[in-house]
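Report on the structure
This is what each chain is made of:
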Amino acid sequence: MTDPVFFAPSRRYTAGEVANLTGSVLVDSGLSDRSIEALAPASEGGEHALVFVDGRRNFALMQSLRAAAVLCPAEFAGKAPAGIAVLVHPRPQQAFAMVGRLLFPAAATPAPMTGETGISPHAHIDPSARVEVGAIVEAGAIIGPRASIGSGTVIAPHAVIGPSCQFGRDGYVGPGASIQYALIGNRVIIHGGARIGQDGFGFVAGAKGPERVPQIGRVVIQDDVEIGSNTTVDRGAMSDTIIGQGTKIDNLVQIAHNVRIGRNCIIAGLSGISGSVTVGDNVTMGGGVGLADHLTVGTGAKLAARSGFMSNVPAGEIWGGYPAQPMAEAMREIAALRRLARARKSGDGGKS
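Throughout what follows, the structure given in this document is the object of discussion. This is a predicted model, so every value here is computed, not measured.

**Details of the side chain of Thr247**
When you line up the elements, Thr247 lands in the loop between strand 26 (241–243) and strand 27 (248–249). Take Thr247: its relative accessible area is 0%, and that puts it in the buried class. Aside from chain neighbours lying at most four places away, what touches Thr247 is Asp224, Val225, Glu226, Ile261, Gly262, Arg263, Asn264 and Cys265.

**Looking at the pattern of salt bridges**
Tallied over the entire structure, the rule returns 9 salt bridges. The partner of Arg169 in a salt bridge is Glu132, and the shortest N-O contact between them spans 2.8 Å. Of the two residues, Arg169 sits in the loop between strand 15 (166–167) and strand 16 (172–173) while Glu132 sits in the loop between strand 9 (130–131) and strand 10 (136–137), which places them 37 residues apart along the sequence. Judged by its relative accessible area of 16%, Glu132 falls in the buried class. For Asp240, the salt bridge identified is with Arg218, shortest N-O distance 2.8 Å. You can see Asp240 sitting in the loop between strand 25 (232–233) and strand 26 and its partner Arg218 sitting in the loop between strand 22 (209–212) and strand 23 (219–221), a full 22 residues away along the chain. Its relative accessible area of 39% is what places Arg218 among the partly exposed residues. The network of salt bridges with common partners includes Arg130, Glu132 and Arg169.

**Description of the sheet that holds strand 8 (residues 124–125)**
Strand order in the open sheet formed by 10 strands is 8-11-14-17-20-25-28-31-34-37, and the pairing between neighbours is parallel. Edge positions in the sheet fall to strand 8 and strand 37 (308–309), since each of these pairs with one other strand and no more. In this sheet, strand 34 (residues 290–291) lies alongside strand 31 (residues 272–273) in parallel orientation, the contact comprising 2 bridges. Within strand 34, the position partnered with Ile273 by the bridge is Leu291.

**Description of the sheet that holds strand 33 (residues 284–285)**
If you trace the 11 strands from one edge of the open sheet to the other, you get 10-13-16-19-24-27-30-33-36-38-39, paired in mixed fashion. Looking at the sheet topology across the chains shown, the edges are occupied by strand 10 and strand 39 (324–326). Judged from the 2 bridges that link them, strand 16 and strand 19 (residues 189–190) form a sheet pairing that is parallel. Its bridge partner lying in strand 19, Tyr172 is registered against Ile189. Along the sheet, helix 4 (residues 327–347) makes contact with strand 38 (318–321) and strand 39, crossing strand 39 at roughly 105 degrees.

**Section: the environment of Ile242**
Relative to the helices and strands, Ile242 resides in strand 26. The sequence separation of Ile242 and Val259 amounts to 17 residues, and the corresponding C-alpha distance is 6.4 Å. Beyond its immediate stretch of four places on either side in the chain, Ile242 contacts Val220, Gln222, Val259, Arg260 and Ile261.

**Observations concerning helix 2 (residues 92–103)**
Across its 12 residues, helix 2 extends 16 Å between first and last C-alpha, which sits within 8% of the 16 Å expected from 1.5 Å per residue. Here helix 2 has its buried residues at Pro92, Ala95, Phe96, Val99, Gly100 and Leu103. Axial view of helix 2: buried residues confined to an arc of 145 degrees, hence all on one face.

**Remarks on the pairing of strand 6 (residues 69–72)**
Both faces of strand 6 are covered, namely the face carrying Ala69 and Leu71 and the face carrying Val70 and Cys72. When strand 5 (residues 49–52) meets strand 6, the two strands line up parallel, connected through 3 bridges. Within strand 6, the residue paired with Leu50 across the bridge is Ala69. With 4 bridges connecting them, strand 6 and strand 7 (residues 85–88) associate as parallel partners. Within strand 7, the position partnered with Ala69 by the bridge is Ala85.

**Observations concerning the pairing of strand 5**
Pairing analysis gives 2 bridges linking strand 4 (residues 38–39) to strand 5, with the strands arranged parallel. Opposite Ala38, over in strand 5, you have Ala49 as the bridge partner.

**Some words on the packing of aromatic side chains**
What the rule picks out here adds up to 3 aromatic pairs. Pairing Phe52 with Phe96 gives two aromatic rings, centres 5.0 Å apart and planes at 50 degrees, and the pair type is tilted. Of this pair, Phe52 sits in strand 5 while Phe96 sits in helix 2; the two residues are 44 residues apart in sequence, bridging distant segments of the chain. Residue classification places Phe52 among the partly exposed residues on the basis of a relative accessible area of 24%. Ring centres of Phe59 and Phe76 lie 4.9 Å apart, and the angle between their planes is 70 degrees; this geometry places the pair in the edge-to-face category. With Phe59 in the loop between strand 5 and strand 6 and Phe76 in the loop between strand 6 and strand 7, the pair connects residues that are 17 residues apart, well separated along the chain. The ring of Tyr13 has Arg11 lying over it, and the distance from NZ or CZ to the ring centre is 3.9 Å. Just above the ring of Tyr181 sits the side chain of Arg235; from NZ or CZ to the centre is 4.3 Å.

How each quantity is defined
Residues numbered from 1 in each chain as written. Predicted model: local features only at pLDDT ≥ 70, side-chain atom pairs only at ≥ 80, totals over all residues. Heavy atoms only, no water. Helix = DSSP H or I, 4+ residues; strand = E, 2+ residues; numbered from the N terminus. Buried < 20%, exposed > 50% of the residue type's maximum accessible area, 1.4 Å probe, protein only. Contact = heavy atoms within 4.5 Å. Salt bridge = Lys/Arg side-chain N within 4 Å of Asp/Glu carboxyl O. Pairing = 2+ DSSP bridges. Axes fitted to C-alpha atoms, helices over the stretch in contact; angles between N-to-C directions. Expected span 1.5 Å × (residues − 1). Arc of directions from axis to C-beta. Phe/Tyr/Trp six-rings, centres within 6.5 Å; stacked < 30°, edge-to-face > 60°. Lys NZ or Arg CZ within 6 Å of the ring centre and 35° of its normal.

Interpretation in functional terms is not warranted from these geometric data alone.
Shown next as structure tokens:
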């Protein structure tokens, strides 16, 4: 049995076309007709593959390349083997990603799983719901009363869109995802298993134990947001939970009620953001970051992976550690601990 091919190239590109599309400089115009039909890591390559090399630690890869073309910075250009089309670009990985989106569009934007077009006869759509022409609703999907789905949006099998939810155009809701109490913009991608708009974790001490505080807010997701598989976004308690335009959220992230996330943020997997946290624009969070409730993270801040935050982070700063602090201070503390450990080891001959 042959291996299945999940992603076939949209068409063949030449090195000259790639240069024009990405704004790269083709070093040898005589190689402009080199055929590109695949993408590959520089360590593997292939006869018709486009690869990229960037960063000093990868410089050694240039001399052993096997590829049709390589994207690289100017200082690497002279090291490629003969016959490989060298495309000089100041940001090779960015250019490589652009070509990838053109060569494999189905990998960049999720497609219908069943191959259906229009509304499947096996979907359940309430009569009061509005599904624009051009939307795709696949088998087993459920769209509740008064919900609306924009043209070009795909609702995958067994996804659930709750009553009165609004989902914009050219988006995607993955298999098994559920959306409640939410207003969602255009070109939003929500991957399979995500949960949007469920109860926030709101309780108050009562005579017989914790008593629920009603969660009556919404989730507002702006244009061009992407939310990973099995990520959860709680609706607000009384105000809204908001995710700003262009923000990308990884798999397995928890976003609690009343959180406000700015534009163009990157939030890596296993991060947890507690209730009423405010995150500015262009913030980057490494994997496993944890934020206590009611904190503010300033615009452009960078939060190191596996760090725990219990105080506000000023704009533009890099913080890490547990409890988190400015990275320079955290590194000094680590260095001091190492010195103490070495001193103790040398003082007792290595015995404890």
